[in-house]
Amino acid sequence: MTKNKKSATESYEEKYDENNVIHYEKSEDVSPFEKLMKIKESFRFFKNQNNILYFWCEGSFYEATERQLKELLRYIFIKKYKQEFKESTLDIIVKSTLTEQEKNCKVHCDTAYRIYYSKRRNEIYYDLGNEHIVRISALSIDICDKKDLKGVAFLQANNSLEQICPEIRDMSPEECKKTLLQLSNFINVESEDELKVLIIYIITTFIQNISHPILMLCGGPGSSKTTSTKFIRKLVDPSSNEIIAFPNQKDLELVLGNHYFCAFDNLGDFSIKQETSNLLCCAVTGATILRRKLYTDNEEMSLRLKNIVILNGIAPNISRNDLIERSIIIRMKSISKKARKKDWELEEEFNVLLPEFLNAIFNVLRMYLSEKDKYSIQDLIRMADFEEAGIIIDDILTDFLDFENSFDTIYEKMVDLEQHEAVFIDPFVSFVHSYLEMYESVEGTPTQVFNRIKSKNFSQCNVSCANVFVKRLKEKEALLKQANIFFTISRGTSRHLKIYLNNKKDDEIDLSITPDEMEEMFNF
C-alpha cells in the first residue's frame, strides 16, 4: 500500500481508490451542508402499500420520520468526518427532504414483518432476522439473500430476534406429522382434537395473506399457558419481548402496527372494552385505521393491520360477541407435579427440536402452495380463509394424522360451542350457574345471598365478601345474561337482591335497577 504525502498542519480526509491507495483531500474544501447532502443522496426512498414513506440506508429499512433521518445523518456524518455541524443545517436538510419525497416519490415497495406472501409468484418469504430469508414455492424451499428479493422490504421491530436457520431438506407428509406431533411435549392441551387444530393453526400463521382467528389459551393454574405461548412465539416470530401484559388502547395500536405476531399474557379477570374489542377484530380480519399525524392539523396517516393475536389466561373476560366469533378457544390441561420440568430444561429441549419443527412447517407450506389452487371449497363458516387453509393442510396430512375427526368437523364444533364455552369458562359465572341449576333462584340481602351461594371453591373467583360479590355481578353482567342469569335489586333501603335463571327474551325481563343505581346504593 502506498501513500501520497500530506501537510501536518492541514485537515484532510483519507480515501481509498480502486487500487487500495490512500489519497488525502482537504476537509475545508467541502462544507458540512454539502457533506450531509451527499450522505442523504445515498438513501433510497420508497412508499409502501399504506403510502407511508420509508428509506434504505446501510442495509436496513427505516420509516422516514424527521427523528429517524436526523439520527442516521448525524451518526454517519460524525463516524465518517469526525466533525461537528450546526443543528439548523440538519433541520433544513431533513425537512426539505421529507417534503420533497412525500410529494414526488414514485417508487413503491411492500413492507412486511417477518412473513410475506407474494400472490404474483405464489411464494412465501420468511425473514430469518439477518441478511437471509427462506423462500418457499410450490416446487422448492431455499435460503436466499434479502438483497436478491424484489418487491418487498422486511422491517424489524426493535425487539425482534434472529431465527435459527434450519437445514433445509425435503420431508414426506409422514415425516412432517411425526415431527409436528412432538409439539405436544411442550404445549399441554386437553384433547387430541384441540392438538390437531393448534398444530394446523401454527402452520397457517406462516400464511400471511389470510385472516386468522384469535387464539385463546385457557386453563387453570399450572397448565403452562404462558410457557406454551412463548414456545409458539419462538417458533413463528422470535422476540426478546416474548409475551407482554395487555396494553391500553393507544399502546395496543402501536404494538399491532409494529408487529405481525402479538401475544398477551394473563388476561385473567381483565375485561376487554368495546373499543379494544373492535380494534382486535380489525387486527385479525384485516383493516386500515386512520390517525392524524403528530404535529399536524389535517394530515392523516394510515395503518394497515393484519395480525396473529394470542391471548391467554385462566378465564379471559371476553363478553363481546364479535370478538368471541373471531376466536378459537384451546383448553390447557394442568400438569401434575411429577410431570413438571424446569423452564430452562424445556427450553433446551425445544431449541434442539426447533430447526426440525421449522423444516417440517416449511415442507407442509410447500405442499400447501402446490395444492391450494386445486380446491374450491363451499359452505365455509366464519374466518373462511383460515378454515379453507386448515382443510387443505389437513388433507395433505390426512393419511398420517391419527385423529378420529377431520379439521372441518372439529372447527365447526368449536364454532358452535364457542360462545357457550366463553361464558362458562369464567369461574364466577360457572359457580353462580351451578348453584342456580339446583335452586333456580336465590334472594335476600347481599350478605344472605353471598353466604348461600359461596362454596369452598368460591375463592377462585376472588370474591371475599358480599360487597365484592355484588361488584362482580355488575362486572360480569354481560356474561351472566348469555348464561340466562339475571339479577334485580329493589329500590329503597332494604337492599333486596334476587338472582335467578330465566330463559325469557331480553325484552321480556324487567331489571328494576341500572348498574349505576346499584353502584350508588351499595356505595362502591
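This text goes with the structure placed above it.
Keep in mind that this is a model prediction, so the values were computed, not measured.

Let's talk about the overall build of the protein
Regarding its fold elements, the protein presents 17 helices and 21 strands. Long-range pairs, those at least 24 residues apart, make up 66% of the contacts in the protein with a sequence separation of at least 6. For the protein, the accessible area works out to roughly 27300 Å², and carbon and sulfur atoms hold 46% of it.

As for the environment of lysine 481
Examined against the element boundaries, lysine 481 turns out to sit in helix 16 (residues 477–482). Its relative accessible area of 33% is what places lysine 481 among the partly exposed residues. Note: C-alpha distance between lysine 481 and leucine 501 (20 residues apart in sequence) is 9.3 Å.

Considering the pairing of strand 10 (residues 141–145)
In the sheet, strand 9 (residues 132–136) pairs with strand 10 via 5 bridges, with the strands oriented antiparallel. Looking at strand 10, one finds that valine 134 is bridged to isoleucine 143. Where strand 9 hands over to strand 10, the hairpin turn is made up of 4 residues, counted between the paired strands.

Describing the pattern of salt bridges
Per the stated rule, a full pass over the model turns up 20 salt bridges. The closest approach of N and O atoms between glutamate 175 and arginine 169, which form a salt bridge, is 3.7 Å. Among the residues examined, arginine 169 registers a relative accessible area of 35% and is labelled partly exposed. In this structure, a network of salt bridges that share partners links the residues Glu66, Lys70 and Asp91.

Quick look at the packing of aromatic side chains
Going through the model one piece at a time under the given rule, you end up with 25 aromatic pairs. Considering the side-chain rings of tyrosine 116 and tyrosine 125, the 6.4 Å spacing of their centres and the 5° angle between planes classify their relative orientation as stacked. Accessibility expressed as a relative area gives 13% for tyrosine 116, which makes it buried. Among the aromatic residues, those joined into a cluster by ring pairs are Phe43, Phe45, Phe55 and Tyr62. The ring of tryptophan 56 carries the charged tip of arginine 44 above its face, separated from the ring centre by 4.4 Å. One residue, lysine 498, lies across the ring of tyrosine 500, its end atom 5.3 Å from the ring centre.

Quick notes on the sheet that holds strand 10
Taken together, the 4 strands give an open sheet; going across it, the order is 7-8-9-10, and neighbouring strands pair in antiparallel fashion. Lying at the two open borders of the sheet, with one neighbouring strand each, are strand 7 (115–118) and strand 10. Adjacent strand axes in the sheet meet at a mean angle of 25°, parallel and antiparallel pairs treated alike.

Things to note about the environment of glutamate 443
Turning to its location among the elements, glutamate 443 is positioned in strand 19 (residues 441–444). Relative accessible area serves as the criterion here: at 36%, glutamate 443 is assigned to the partly exposed category. Residues glutamate 443 and isoleucine 489, spaced 46 residues apart in sequence, show a C-alpha to C-alpha distance of 9.5 Å. Apart from the residues lying within four places of it in its own chain, the contact partners of glutamate 443 are Val449, Arg452, His496, Leu497 and Lys498.

Some details on unusual backbone geometry
A positive phi angle, close to 65°, is found at asparagine 51, a residue other than glycine. Turning to its location among the elements, asparagine 51 is positioned in the loop between strand 3 (44–47) and strand 4 (53–57). Its identity as a non-glycine residue notwithstanding, arginine 114 has a phi of 70°, on the positive side. Secondary-structure assignment places arginine 114 in the loop between strand 6 (110–113) and strand 7.

Quick word on the side chain of serine 211
For serine 211, the location among the structural elements is in the loop between helix 5 (192–204) and strand 12 (214–218). According to the relative accessible area criterion, serine 211 is buried, its value standing at 11%. A polar contact of 2.9 Å, which involves the side chain of serine 211, links it to the backbone oxygen of threonine 285. Not counting residues within four places of it along the chain, the set of residues in contact with serine 211 comprises Val284, Thr285, Lys306, Met383, Asp385 and Phe386.

Looking at the packing of helix 6 (residues 225–236) against helix 10 (residues 343–371)
Relative orientation of the contacting elements helix 6 and helix 10 amounts to 40°, with a least axis distance of 10 Å. Judged on the interaxial angle alone, helix 10 and helix 6 are oblique. For helix 6 against helix 10, the interelement crossing comes out right-handed. Between helix 6 and helix 10, the contacting residues are Thr227, Phe231, Lys234 and Leu235 on the first element and Asp343, Leu346, Glu347, Phe350, Asn351, Leu354, Phe357, Leu358 and Ile361 on the second. When its residues are assigned to classes, the contact of helix 6 with helix 10 shows 8 nonpolar, 2 polar and 3 charged.

Section: the environment of isoleucine 391
If you trace the backbone, isoleucine 391 turns up in helix 11 (residues 384–397). Relative accessible area serves as the criterion here: at 14%, isoleucine 391 is assigned to the buried category. Residues isoleucine 391 and aspartate 408, 17 residues apart in the sequence, show an inter-C-alpha distance of 6.2 Å. Excluding residues within four positions of it along the chain, isoleucine 391 makes contact with Ile377, Leu380, Phe407 and Asp408.

Side note on helix 3 (residues 87–104)
Three or four residues apart is the spacing at which side chains of an α-helix point the same way, because the helix has 3.6 residues per turn. A rise of 1.5 Å per residue sets the reference length of helix 3, with its 18 residues, at 26 Å; its end C-alpha atoms lie 26 Å apart and thus fit the reference within 8%. Inspection of helix 3 places Thr89, Leu90, Ile93, Val94, Thr97, Leu98 and Gln101 among the buried residues, and these make up the whole buried set. For helix 3, the arc enclosing every buried residue in end-on projection is 150°, short of the 170-degree limit, so these residues lie on one face. Projecting away from the buried face of helix 3 at angles above 90 degrees are the exposed residues Ile92 and Lys103. Lining the buried residues of helix 3 we find helix 1 (32–41), strand 3, strand 4 and helix 2 (66–81).

Here we look at helix 1
Every buried residue of helix 1 is listed here: Lys35, Leu36, Ile39 and Lys40. Buried residues along helix 1 cover an arc of 140° about the axis, so they all sit on one side. Those residues of helix 1 that are exposed and aimed more than 90 degrees away from the buried face are Lys38 and Glu41.

A word on the side chain of threonine 205
Inspection of the secondary structure puts threonine 205 in the loop between helix 5 and strand 12. Judged by relative accessible area, threonine 205 falls into the buried class, the value being 0%. In contact with threonine 205, not counting residues within four places along its chain, are Ile115, His212, Val236, Tyr260 and Ile308.

What counts, and at which threshold
Once a new chain begins, its residue numbering starts again from 1 and follows that chain's sequence as written. At least 70 in pLDDT is required for a residue's local features to be given in this predicted model, at least 80 for side-chain atom pairs to be given and counted, and no such filter applies to totals for whole chains, interfaces and linings, which use all residues. Neither water nor hydrogens contribute to the side-chain values; these are computed over all heavy atoms in the structure. Strands are runs of DSSP state E lasting at least 2 residues, helices are runs of H or I lasting at least 4, and numbering of each runs from the N terminus. Any two residues having at least one pair of non-hydrogen atoms within 4.5 Å are treated as being in contact. Only the protein chains shown count as cover for residues, with accessible areas throughout obtained via the Shrake-Rupley method and a probe of 1.4 Å. Buried, partly exposed and exposed residues are distinguished by accessible area as a fraction of the type maximum, computed with a 1.4 Å probe on protein chains only: under 20%, between the cut-offs, and over 50%, respectively. Any two strands with at least two DSSP-identified bridges between them are counted as paired. By convention in these notes, a salt bridge is any Lys or Arg side-chain nitrogen within 4 Å of a carboxyl oxygen on Asp or Glu. Centre distance within 6.5 Å is the pairing criterion for rings of Phe, Tyr and Trp, where only the six-membered ring of Trp is used; planes under 30 degrees apart are then read as stacked, over 60 as edge-to-face, and the remainder as tilted. Lysine and arginine charges are scored as sitting over a ring when NZ or CZ, respectively, is within 6 Å of the ring centre and within 35 degrees of the ring normal. Helix axes use the C-alpha atoms of the stretch in contact, all axes being lines fitted to C-alpha atoms, and the angles between their N-to-C directions lie in the range 0 to 180 degrees. Throughout this description, a polar contact denotes any pair of N or O atoms lying within 3.5 Å of each other; where both atoms belong to protein, one of them has to be capable of donating a hydrogen while the other can accept it, and for residues adjacent in sequence the pair is counted only when both atoms sit in side chains. By the definition adopted for this analysis, an angle is roughly parallel if under 35 degrees, roughly antiparallel if over 145, roughly perpendicular if from 65 to 115, and oblique otherwise. In a left-handed crossing the near helix is turned counterclockwise from the far helix by less than a right angle, and in a right-handed crossing that turn is clockwise. Amino acids outside the nonpolar list (Ala, Val, Leu, Ile, Met, Phe, Trp, Tyr, Cys, Pro) and the charged list (Asp, Glu, Lys, Arg) are all regarded as polar, and Gly is one of them. Expected span of a helix, by definition, is 1.5 Å for each gap between consecutive residues, and there is one gap fewer than residues. The arc in question is the one spanned by the directions pointing from the helix axis to the C-beta atoms.

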